Amino acid sequence: MMLNEIVSTAVKKFGVGREQLLPVLQYVVSQEKWLSEDALLGVARAFDMSAAEVYGVASFYSFLDTKPRGDYVIRVCRTVSCDMAGKEAIMEALEKTLHISVGETTADRKFTLLETNCMGWCAEGPAMLVNDYVYTGLTPEKVVDILQGYMAGA
Amino acid sequence: MTREKKLKVTIDSRELEVRPNTTILQAARESDVYIPSLCTLEHLPSYGACRLCIVEVDGLRGYPTSCTTPIEEGMVIRTDTTELRSLRQEILKLLLSEHPASCLFCEEHDECKEFQGTIRKVGVTTGCRYCPNDARCELQEITEKVGLTETSYPVYYRGFSVEKYDPFYDRDYNLCILCGRCVRVCNSVRLNGTLSFKQRGKLTTIGPAFDRTHLEAGCEFCGACVSVCPTGALSAKVSKWYGKPDTQVTTTCVYCPVGCRLELQVKNNEVIDVLPNYDSPIDRGLICVKGRFAIPEYVLSPERLGTPSRLTPVGYEVISWDQAIDEAAKRLRGTKPEDKLVMVSPQLSNEDLFVAQQFTREVLGSDAVISSMMIDLGDDLVPFLELVTSSSTFDTIEDARGVLAVGFDSTYGYSPVGIRIKKAGREGALLVTLGACDSNLDMLSETAFQMEPPQWAEFLGSLVDYLARGGKGKVKIRKEWTSDIERISRIFSDSSTNILVIGQEAIFSSGRREIFEKARTLRDKLGWKIIVAHPYTNLLGMLAMGAFPGAKPGEFLKNGDAVTVDLPVIDLAKRKKVVYLIGEGRFDTIPDCDYLIYQNGLPPVASRQPDLILPASLFTESSGTTTNGEGRVLKIEKATEPFMDAKPDWWIFNRIAEKLNKGKLKYKDVAAVQAAIKKQVKGFYGGRKPVEFARINAERATKWLRGAPKQEGQSSGAGNNPSYRGIPLARVVAGMKAIDEWVNTSLLSDKEAQ
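None of the values given here were measured: they were computed from a predicted structure. In every chain, residue numbers begin from 1 and rise along the written sequence. To label them, take the chains in the order written and letter them from A, then take the ligands in the order written and number them from 1. Owing to the predicted nature of the model, reporting of local features is limited to residues with pLDDT of at least 70; listing and counting of side-chain atom pairs is limited to 80 or more, with chain, interface and lining totals taken over all residues. In computing side-chain values, all of the structure's heavy atoms are included and hydrogens and water are not.

### Regarding the overall build of chain A
Looking only at helices and strands, one finds seven helices and four strands in chain A. Reading the helices (α) and strands (β) of chain A from amino to carboxyl end gives α-α-α-α-β-α-α-β-β-β-α. The principal-axis extent of the C-alpha atoms belonging to chain A is close to 50 × 30 × 25 Å. Here's how the labels work: a residue is buried when its accessible area is under 20% of the maximum for its type, exposed when over 50%, partly exposed in between, all with a 1.4 Å probe on protein chains only. Evaluated residue by residue, chain A yields a buried proportion of 42% over its 154 residues. In this description, contact between two residues means that some pair of their heavy atoms is separated by no more than 4.5 Å. Across chain A, contacts joining residues at least 24 apart in sequence account for 60% of those joining residues at least 6 apart. Only the protein chains shown count as cover for residues, and the accessible areas themselves come from Shrake-Rupley with a 1.4 Å probe. For chain A, the accessible area works out to roughly 8,000 Å², and carbon and sulfur atoms hold 52% of it. Neither His nor the chain ends contribute to the count of charged residues, in which Lys and Arg are positive and Asp and Glu negative. The location of each charge is read from NZ of Lys, CZ of Arg, CG of Asp or CD of Glu. Side-chain charges in chain A split into 14 positive and 20 negative, and the spacing between the mean points of these groups amounts to 3 Å. By the criteria applied, helices consist of DSSP H or I runs no shorter than four residues and strands consist of E runs no shorter than two, each listed in order from the N terminus.

Structure, rendered in C-alpha cells:
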C-alpha cells in the first residue's frame, strides 16, 4: 500500500477527532514499521493539526518510531531483573548474530535491535519482544535459534 | 451587558467578592493576593505545569493548583501556610535541579553585580555570565519570593547545544524549565503551530517537527515565544546581554499600515528591544517580525546618516546644518515650479507630510509632491485609492462568516489581520484563499485555490458574477472552476458578513485593475467588506494631509460629496532641475535631474549619488502621529534623541523655508504643526474613531503618469520587499536578509518542483 493510502485508510477507520491520533499513528506503524516525515505530515494534514504537535506526540512514545525500522523489531528488556538474569549475554548473542549494535538496523532492513523497559515478565527473564511476540527465559543459544527461524521464515 | 453576580470567597482569612468564571489564581491576583507561578500568563490558556501556584482549599483534597481550579461561591482558600511554603520550595528545588543555578545560589550573590568577584581565589573580576537574561529573569524573581536560598540537589546540566542558526533569536534549552508558555503562545495565540514539546523525560525539548530549523518549519519570527519565556532559554540576538532597560516607550509601528502598538525598550538612549502590547485594541499584541525584531538594527545601523554632507568631485564633504540649508536654498531659489519635483515617503508622520506639502506649495510654488507609491500603482492609482479609503476596520474580521483572501500571506507581515482571519476560520467561518503558492492561511482554509496571478481576476470575476445573479441565469465560468465556484458561492451568499482581503501579491499583479473593480462590485452590490493589505504605512495620512498632487489638506476627508481626483500629468522622462527626496530610497523611480537632495536616515542603494545629503531622524527619534489602514490617527512617541546630528523632517523644511523667506512655515515644535493641522483639517485628531474619507470617483481615472520606469511583471515595487523610508529592511537587518534569502530559495525550489 502507498503511504497516503495507509494514512487515508487509518483516518477512515478511526476518524479525525483529536483522541484518534494515537490509534491512527499506531495503525501507520503497524503497516510501515515507523513514522516517516511524509507519514506524519499526512496525518497532521488529515487532523488539521500542526506537524509539530503530531511529531511531539510521536516522539513521546517509544513504540511510535520516528526512525526507520526493520521488518522485525527486537526489543530486549533492560530492566533490573532481566539484567540480573543475564541480559548482557543475550544482547551479545543478538549483536554477534545480526552484526549490529543496539539502536541499529541490519543492512537488509530485516532486523532492528533496541532496548525496552519492563514488560512484566520479570519472573521469566531475560525477556525480549520481536514485534508483538514475547520470548522469555532466554539463553544465548535460544536467541540464535529464534533469529534463525525469522531469517529462514521470511 | 448583564452584570455578573459576584462570588463571596475567603482568601487568607479575608472575605472578598470576586468575579465568577475565573480561576482561584486570577481571583487572587485581582484582589492583590500574591501566589507565585511560572507557567501562567494572561492571554494564555491555563496549563498547571509548574505547580508553584498550589493552594489549600477547604473541602478539596490535597493541594490543587490555583491556575486550573475554578473559583466557587463560599470557597475558603489559604495561599500562604507553612506547609505550602515548604512544598513550594521543594517544587522549585526540583525545577531547578535541571537549571543552572549559580546566579540564584552563590555566596557572592549580593556583591556579584557590583564587584564582579568570582569564587576563584585569584583577583579576577569576571562573574558568571552564561545566561543572557540576567536581571530580566522571572525564575530569579520567583526564587526570591518563594524564599529559596540554597538547593540540596545536584544540578544536572542537560548539555544541549545552543541553537544559534535561525534569524533573530537564539535558543538554549539547558535553561528551559518546560513551562510551555512558548508552545501555548505559538499555538493558541498566534495560531501558528511551529512549536511543540518533543521527546520525553530528561530529553524533552521544545521545537518544530522533525528537528527542522524554525525557518524551515514556517516560523513567523513574531518573537511571541521570546517575550513570554520566563528564563533565558529564548533570547533575541540583538538585545540579549543588555540587562534591564531604563525605560519603556509606547509608540506605533510605522513599518506597515496596521499600526501596531509597540513598547520600545530603551537603554542608554538606544532602542534595544521591542515588545508587543496585548491590550492594544488594533493589533491585540499580535505584532509581526518587522515590529518585533527589525527596529533596533535599523535605527542603530552603522550606516546611519549622521551629518549633512555635499558631493564634491573628490567625494562627500561633511558640512554644518547652516551650510547645508544655504546650499539647499541656493539650489531651490529661482527655479521654475515645473522644474522641481518633491517625493515623499508614505512612511513619514502626518505632521511631516503636512509640512512637506506646505513647503512644496508655499515655498516652492509647485504642486508636484508625489511618492513612489503613486508610481508603483501607475494608472491604476485612482481605483486603488478608492478602495483603500473605504477599507473596513480590522475587527470586522472577527464577526465575518466568510473570508476570501486574494494573494495574501501574513507570515512576515499583517499578522493582526492574518491571525484574525485564522481565528475566524477556526471558529467556523468559511475561509477561501486564492494565491500563486502556499499561503500561511491554507491550513485553516476550506479551499485553497492555486493559480497564476493573471487568472485571479478572471476567477474573482466568475465568482462575483455568480454571486450577483444569486445562482440564477447563465454565467460563463471555466469548466474546471464551475463546481468549486458554485459550492463556495452558496456558503458566501448564506453568510451575514463577508470580507475580501486583497494582499500585496494581488496589488502588484498584472490584473489588479480588474481585481479592484470586482472588489468594488462586491462592496457596492453585495455588501462585502474590503480590506486592502497594502505596504504604504501612512497612505491615508498622506491623502488627509494633502501631500498629494491636486489635493489640499482635508480635501479627501468626508464632507458630503464624492471627490474626483484630478491628477496633473507627471512626466518622469522629462529632466528636472532639482529633485528633493524625503524618506524615499527608491531610485528606480525618479527622473533625471541636475541636482538631487536626499533627506533620509540611511544612504540609498543606487548608482546615482545625491548632491546633498540631509540626515533625517527616524520614527523612534521624533514624535508625531500616523494614520493606519483603518483611518485611525495613532501616536508616535519619541524614545531616544536623534542619531548624531539628524533632525526631524519638519524641522529641515522649516529651516529651508526660513532661509528662502517664503511661506508660513514657522513651527517651533511638533505641537505647533499639529495646531496648524487642526485649523486646516477639521476633526483630524478627533479621537478613537477612524477618520472618514470621502468617496473617490473611480470611474474617471485619467492617464497621469508618463515616462514611468518599466515594472517587471507582477510582484514589483515594494510588494514582497518590506522597507522603511525606501530602504529594504533586508539591507540593514541581518535576520530580515536571512528570511528574504530563505523565501527566495524556497520559491525557486517550488518552481522547480512544478
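From this point on, the discussion continues.
### Topic: the overall build of chain B
Summing up its helical and strand segments, chain B has 22 helices and 29 strands in all. Along the three orthogonal principal directions, the C-alpha set of chain B runs to about 85 × 75 × 55 Å. Relative to its 754 residues, chain B shows a buried fraction of 58%. The contacts in chain B between residues at least 6 apart in sequence include a share of 69% that link residues at least 24 apart. Carbon together with sulfur atoms contributes 48% to the accessible area of chain B, which is approximately 32,600 Å² in total. Chain B carries 97 positive and 97 negative side-chain charges, and their two centres are separated by 4 Å.

### Focus: unusual backbone geometry
The omega angle of the peptide bond from G125(A) to P126(A) is -5°, so this bond is cis rather than trans. Within the element layout of this structure, P126(A) appears in the loop between β2 (111–116) and β3 (128–130). Unusually for a residue other than glycine, R284(B) sits at a positive phi of about 50°. Looking at the element boundaries, R284(B) is found in the loop between β11 (270–276) and α7 (289–293). Residue classification places R284(B) among the partly exposed residues on the basis of a relative accessible area of 38%.

### Quick word on a negative patch on the surface
Residues and elements named next belong to chain B. Residues enter patches when their relative accessible area tops 30% and they take part in no salt bridge; the joining distance is 9 Å for like charges and 5 Å for the nonpolar side chains Val, Leu, Ile, Met, Phe, Trp and Tyr. Counted as salt bridges are all cases of a side-chain nitrogen of Lys or Arg within 4 Å of a carboxyl oxygen of Asp or Glu. Where like charges cluster on the molecular surface, the negative patch consists of D110, E111, E114, E141 and E144. Breaking the negative patch down by element, the ones donating at least two residues are α3 (109–115) and α4 (138–146). Examining the composition of the negative patch, we find that three residues originate from one element, α3, more than from any other.

### So, the nonpolar core
Nonpolar core, defined: a set of buried Ala, Val, Leu, Ile, Met, Phe, Trp, Tyr and Cys residues in which side-chain atoms within 4.5 Å join the residues together. Membership of the largest hydrophobic core comes to 191 residues, with the highest contact counts inside it found for F359(B), F384(B), L500(B), F548(B) and Y580(B). Broken down by element, the residue count for this core peaks at eight residues, all from helix α14 (residues 456–468) of chain B. Dropping the residues within four chain positions of it, F548(B) is found in contact with R361(B), V369(B), M374(B), L381(B), L385(B), M542(B), L543(B), F556(B), V565(B) and L567(B). V7(A), V11(A), V29(A) and A58(A) belong to the second-largest nonpolar core, a separate cluster that totals 24 residues.

### Regarding the interface of chain A and chain B
A common way to state how big an interface is: give the accessible area lost once the parts meet. Across the contact, 15 residues belong to chain A and 16 residues belong to chain B. By definition, the buried area sums, over both parts, the 1.4 Å-probe accessible area that each loses when the two are put together. Here chain A packs against chain B, burying approximately 1,200 Å² in sum over the two surfaces, 56% of which is carbon and sulfur. Interface area lost by chain A to chain B is led by A52(A), Y55(A) and F60(A), which between them contribute 39%. With a closest N to O distance of 3.1 Å, R212(B) and E37(A) form a salt bridge. We define a polar contact as two N or O atoms separated by no more than 3.5 Å, with the added condition that, inside protein, one atom must be a possible hydrogen donor and the other a possible acceptor, whereas residues neighbouring each other in sequence contribute only through side-chain atom pairs. Summed over the shared surface of chain A and chain B, the number is six residue pairs in polar contact (both at pLDDT 80 or more).

### Quick notes on the packing of aromatic side chains
Any two rings among Phe, Tyr and Trp, with Trp reduced to its six-membered ring, count as a pair given centres within 6.5 Å; such a pair is stacked if its planes are under 30 degrees apart, edge-to-face if over 60, and tilted if neither. With the rule as written, the count across this model stands at 30 aromatic pairs over all chains. Look at W321(B) and W651(B): their rings are 5.3 Å apart centre to centre, the planes differ by 75°, and that puts the pair in the edge-to-face class. One end of the pair, W321(B), is in helix α9 (residues 321–332); the other, W651(B), is in helix α19 (residues 649–660), and 330 residues separate them in sequence. An aromatic cluster of at least three residues, connected via ring pairs, comprises Y72(A), F111(A), Y133(A), Y135(A) and Y150(A). The ring of Y34(B) is capped by K145(B), whose NZ or CZ atom sits 4.8 Å from the centre of that ring. Our definition puts a charge over a ring when NZ of Lys or CZ of Arg is within 6 Å of the ring centre and also within 35 degrees of the ring normal.

### Looking at the sheet that holds strand β15 (residues 369–370) of chain B
All names here are of chain B. One requirement defines pairing of two strands: DSSP has to find at least two bridges between them. Read across the sheet, seven strands follow the order β13-β12-β24-β23-β22-β14-β15 without closing on themselves; strand pairing throughout is mixed. Whereas interior strands pair on both sides, the edge strands pair on one side only; in this sheet they are β13 (315–318) and β15. Where strand β12 (residues 309–312) meets β13, four bridges bridge the pair, whose relative direction is antiparallel. When the bridges of β13 are listed, T312 appears paired with G315. Every axis in this analysis is a line fitted to C-alpha atoms, fitted for helices over the stretch in contact. Angles between the N-to-C directions lie between 0 and 180 degrees. Each of β12, β14 (340–344), β22 (576–582), β23 (593–600) and β24 (612–615) touches α9; the most contacted strand, β24, lies at about 130° to it.

### Notes on the domain arrangement of chain A
Each assigned domain of chain A is listed here: domain 1 (3–60) and domain 2 (72–153). Residue ranges for the domains originate in an automatic or database domain assignment. A C-alpha centroid distance of 28 Å is found between domain 1 of chain A and domain 2 of chain A.

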